[in-house]
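Residues per chain, in single letters:
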Amino acid sequence: MSQVIDAAATFRQRLDSVAADTEALLGMLLGDTMLPEERARPKRLMDAMRHVALGGGKRLRPFLVVETGVLFEVPRARTLMAGAALECVHCYSLAHDDLPAMDNDDLRRGRPTAHKQFDEATAILAGDGLLTLAFDILARNETHPNPAVRAELVLALARGAGLGGMVGGQMLDLAAEGRFDGGKVQKLGAAEVKQLQAMKTGALLRFGCLAGAILGEADPQQREALDRYGSVLGEAFQIADDLLDVEGDAATVGKATGKDAAVGKGTFVSVLGVDQAKARLKALVGEAEDALAPFGRDGDILKMAARFVAERKA
Ligand code: GRG
């Protein structure tokens, strides 16, 4: 029992430590200091970008970058840079997803969404600014001295975030809601839900797990193991998210719940049912642990991350 508590406490400490370092780094990147080629940093836009990117969130994605980087002894300053870039993309996606044209939410991370705190145009530009900043960060020498490694990171994040990744997944999601078909909801099967979610939420989590290996110039087998871990983790994350929408309460989750069922959305819970979704979640944690086998005890923290993702309440 005490070993279980120790493992949970260790994981919490490591997650909190990455969260604090990411907050500080993002605060610096979104500070008043202008960069070469910049003419001005408009205050309202900066305030909105800071609202979206700072002061909340579990920072799970930067944690994955840092902890996969630890496997290859990548200096923490480098993994924090790549983690901050990934978090910028994640935060932009949340701000755009919350817009009236998308999910129309008032609450995010327990605070007013960007368009509520500011206005729609500012929220769109704040998202655009964060998306662009992500690639600016990856292209910097501090992220990695080898330009080929930086280019690989840029390509991998672009693939995860773009047409065949998160943005494409969001499009499939909106289409399934019947947005472009007079409100006629598409009845998705399990394979379609899996594909949609692997794109919409899984692709960024997967990038998080691969980024440490890219920064560490890991061998193909090690990359393959982390790629598998990342894919499984992404599915587990989404099932847990779907369960939270059904069973969580808005105050703890930090956003509105019950929205998926209200719009008849195809989710893991709607296609599998609550009990089977929970069984699948448990199986995925086992698969995530298996994927980490090549790393021995060094993979323990990432195994804890898989359990955390499955059991999370927010
Ligand atoms: C608008 C291009 C575009 C994409 C939106 C990711 C996404 C696509 C929308 C977010 C909608 C949503 C709530 C999806 C469920 C999974 C998810 C990304 C939850 C939030 O991630 P957490 O729990 O959030 O890691 P924190 O706040 O901890 O960072």
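Right above here is the structure, for reference.
Residues numbered from 1 in each chain as written. Predicted model: local features only at pLDDT ≥ 70, side-chain atom pairs only at ≥ 80, totals over all residues. Heavy atoms only, no water.

Colleague: Any details on the overall build of the chain? Residues and values, ideally.
Modeller: Scanning the chain from N- to C-terminus turns up 15 helices and two strands. In terms of its C-alpha atoms, the chain occupies a principal-axis envelope of roughly 50 × 50 × 35 Å. Considering the chain as a whole, with its 314 residues, one finds that 50% of them fall into the buried category. For the chain, long-range pairs separated by at least 24 residues make up 72% of all intrachain contacts whose partners lie at least 6 apart in sequence. Within the structure as shown, the chain displays about 14500 Å² of accessible surface, and the carbon and sulfur contribution to it stands at 56%. (Helix = DSSP H or I, 4+ residues; strand = E, 2+ residues; numbered from the N terminus. Buried < 20%, exposed > 50% of the residue type's maximum accessible area, 1.4 Å probe, protein only. Contact = heavy atoms within 4.5 Å. Areas by Shrake-Rupley, 256 points an atom, 1.4 Å probe, with all protein chains shown as cover.)

Colleague: An account of the site of the ligand is requested, with residue identities and associated values reported.
Modeller: Near the ligand lie 20 residues; those nearest to it are K58, R61, H90, R109 and D241. A distance of 2.8 Å separates an oxygen atom of the ligand from a polar atom in the side chain of H90. One of the side-chain N or O atoms of R109 is found 2.8 Å from an oxygen atom in the ligand. Breaking the shell around the ligand down by element, the ones donating at least two residues are α4 (76-97), α8 (166-176), α9 (190-215) and α10 (220-247). Its residues assigned to classes, the shell around the ligand shows five nonpolar, seven polar and eight charged. (Near = heavy atom within 4 Å. Polar contact = N/O pair within 3.5 Å; in protein donor to acceptor, adjacent residues only side chain to side chain. Nonpolar A, V, L, I, M, F, W, Y, C, P; charged D, E, K, R; others polar.)

Colleague: I'd like to hear about the side chain of T79, residue by residue, with values.
Modeller: Within the fold, T79 resides in helix α4. There is a polar contact of 3.0 Å between the side chain of T79 and the backbone oxygen of R76. Each residue touching T79, except ones within four places of it in the same chain, is listed here: V65, V66, G69, V74 and L215.

Colleague: Quick rundown of the environment of D47? Include the residues and the values.
Modeller: Mapped onto the secondary structure, D47 falls in helix α2 (residues 43-53). Residue classification places D47 among the partly exposed residues on the basis of a relative accessible area of 30%. For the pair D47 and A84, spaced 37 residues apart in the sequence, the C-alpha separation amounts to 18 Å.

Colleague: Describe the packing of helix α3 (residues 60-70) against α4, with residues and values.
Modeller: Close contact between α3 and α4 brings their axes to 8 Å; oriented N to C, the two are set at 155°. With respect to α4, the axis of α3 lies roughly antiparallel. Handedness of the crossing formed by α3 with α4: right-handed. Across the interface between the two elements, R61, P62, V65, V66 and G69 from α3 touch R76, T79, L80, A82, G83, L86, E87 and H90 from α4. Here the contact of α3 with α4 is composed, by residue class, of six nonpolar, four polar and three charged. (Axes fitted to C-alpha atoms, helices over the stretch in contact; angles between N-to-C directions. Parallel < 35°, antiparallel > 145°, perpendicular 65-115°, else oblique. Left-handed = near helix turned anticlockwise from the far one by under 90°.)

Colleague: An account of helix α7 (residues 147-161) is needed here, citing residue identities and associated values.
Modeller: The first and last C-alpha atoms of α7 sit 21 Å apart over 15 residues, in line with the 21 Å expected at 1.5 Å per residue. Taken as a whole, α7 has its buried residues at V149, R150, L153, L157, G160 and A161. Looking down the long axis of α7, one finds its buried residues gathered within 100° of arc, a one-sided arrangement. For α7, the exposed residues lying more than 90 degrees away from the buried face are P147 and R159. Contact partners of the buried residues in α7: α4, α6 (120-138), α8 and α9. Near the N-terminus of α7, the side chain that reaches the backbone nitrogen of A148, with its oxygen 2.9 Å away, is that of N146. (Expected span 1.5 Å × (residues − 1). Arc of directions from axis to C-beta.)

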